Amino acid sequence: MRHVISILMENEAGALSRVAGLFSARGYNIESLTVAPTEDASLSRMTIVTRGSEEIIEQITKQLNKLIDVVKLVDLSDDEHIEREMALIKVRAIGEAREEYKRLADIFNGRIIDVTETTYTIELTDSGDRIVEFLAAINADEIIETVRSGVSGIARGEKSLHP
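Summary of the structure given here.

### A word on helix α1 (residues 15–25)
And then number 1: Every buried residue belonging to α1 is among Ala15, Val19, Leu22 and Phe23, and all of these are buried. Buried residues of α1, seen end-on, are gathered within an arc of 95° and therefore sit on one face of the element. Pointing more than 90 degrees away from the buried face of α1 are the exposed residues Ser17, Ser24 and Ala25.
And then number 2: Against β1 (2–10), β3 (43–51) and α2 (54–66) lie the buried residues of α1.
And then number 3: At the exit of α1 stands Gly27, carrying a positive phi of roughly 75°.

And the structure:
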């Protein structure tokens, strides 16, 4: 099962490598990882997407909670939450394809953020599934490059990761 784990941690050198090391030492895969400082410059928020049984996820969360840098941890998958991912997709845009990409960007609430004579770069922020749908709607041969940010997630309603 897919899990989105959100971690509030001390914003210190080596914290990210300790978390990643915990996963690699146990042979667990990280599908997506994002990390950035919070409104409190001494703390960072890390969002990890991984897959595993309930037992494996329980073991992962227990091990993560033992790390000195971890302030608080929550598995967002346990409750209602919002996930977003950002993607930049550079496509060959020549002739009639230019109008088609404009139309697709509009349909998927994307934005064309860079235009050259032969290319468009499209920015899309949505769920991972919706980004996959967008990529499927484009001729794969016309995609020059794709960059995805990884998942950012937040609990719905009053719930918060802050201690």
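Resuming the write-up.
### Digging into the pattern of salt bridges
Side chains carrying opposite charge are able to pair once their charged atoms draw close together.
And then number 1: Counting across every chain of the model gives 13 salt bridges.
And then number 2: Residue Arg111 is joined to Glu123 by a salt bridge in which the shortest nitrogen-to-oxygen separation is 2.7 Å. Of this pair, Arg111 sits in strand β6 (residues 111–115) while Glu123 sits in strand β7 (residues 119–126), and the two are twelve residues apart along the sequence.
And then number 3: Given a relative accessible area of 52%, Arg111 falls into the exposed group.
And then number 4: Via salt bridges that share partners, Asp126, Arg130 and Glu133 belong to a single interconnected network.

### Here we look at the pairing of strand β2 (residues 32–37)
Looking down a regular strand, the side chains alternate between one sheet face and the other.
And then number 1: Pairing analysis gives six bridges linking β2 to β3, with the strands arranged antiparallel. If you follow Ala36 over to β3, its bridge partner there is Arg45.
And then number 2: Taken together, β2 and the strand that follows it, β3, pair antiparallel across an intervening segment of five residues.

### Thoughts on the nonpolar core
And then number 1: If you look at the biggest cluster of nonpolar residues, it comprises 16 residues, and the most contacted ones within it are Ile7, Val19, Phe23, Ile60 and Leu64.
And then number 2: Among all residues touching Phe23, those that are not within four sequence positions of it are Tyr28, Asn29, Ile30, Ile48, Thr50, Ile60 and Leu64.
And then number 3: In this structure, Ala93, Ala105, Phe134 and Leu135 belong to the second largest nonpolar core, which totals 15 residues.

### What about the packing of α1 against α2?
And then number 1: Packing of α1 against α2 leaves a shortest axis separation of 11 Å and a crossing angle of 145°. For the pair α1 and α2, the crossing hand works out as right-handed. Here Val19, Leu22 and Phe23 of α1 lie close against α2, whose contacting residues are Ile60, Gln63 and Leu64.
And then number 2: For the contact of α1 with α2, the class distribution of residues is five nonpolar, one polar and no charged.

### Looking at the side chain of Thr119
And then number 1: Checked against the element boundaries, Thr119 lands in strand β7.
And then number 2: On the accessibility criterion, Thr119 (11% relative accessible area) is buried.
And then number 3: Among the polar contacts listed, one links the side chain of Thr119 to the side chain of Thr116, at a separation of 2.6 Å.
And then number 4: With residues up to four places along the chain from it excluded, the contact list for Thr119 reads Lys90, Val91, Ala93, Arg98, Asp114 and Ile144.

### Considering the sheet that holds β2
And then number 1: Pairing is antiparallel in the open sheet, where four strands are placed in the order β2-β3-β1-β4. Edge positions in the sheet fall to β2 and β4 (70–75), since each of these pairs with one other strand and no more. Between one strand axis and the next, the sheet turns by 15° as a mean value, whatever way the strands run.

### A word on the packing of aromatic side chains
Between two aromatic rings, the relevant description is the distance of the centres plus the angle of the planes.
And then number 1: Within the structure shown, the criterion is met by one aromatic pair.
And then number 2: Arranged with centres 5.2 Å apart and planes meeting at 80°, the rings of Phe108 and Phe134 form a pair that is edge-to-face. Separated by 26 residues along the polypeptide, Phe108 in the loop between α3 (96–107) and β6 and Phe134 in helix α4 (residues 128–137) bring together distant segments of the chain.

Conventions and cut-offs
- Residues numbered from 1 in each chain as written.
- Predicted model: local features only at pLDDT ≥ 70, side-chain atom pairs only at ≥ 80, totals over all residues.
- Heavy atoms only, no water.
- Buried < 20%, exposed > 50% of the residue type's maximum accessible area, 1.4 Å probe, protein only.
- Helix = DSSP H or I, 4+ residues; strand = E, 2+ residues; numbered from the N terminus.
- Arc of directions from axis to C-beta.
- Contact = heavy atoms within 4.5 Å.
- Salt bridge = Lys/Arg side-chain N within 4 Å of Asp/Glu carboxyl O.
- Pairing = 2+ DSSP bridges.
- Core = buried A, V, L, I, M, F, W, Y, C linked by side-chain atoms within 4.5 Å.
- Axes fitted to C-alpha atoms, helices over the stretch in contact; angles between N-to-C directions.
- Left-handed = near helix turned anticlockwise from the far one by under 90°.
- Nonpolar A, V, L, I, M, F, W, Y, C, P; charged D, E, K, R; others polar.
- Polar contact = N/O pair within 3.5 Å; in protein donor to acceptor, adjacent residues only side chain to side chain.
- Phe/Tyr/Trp six-rings, centres within 6.5 Å; stacked < 30°, edge-to-face > 60°.

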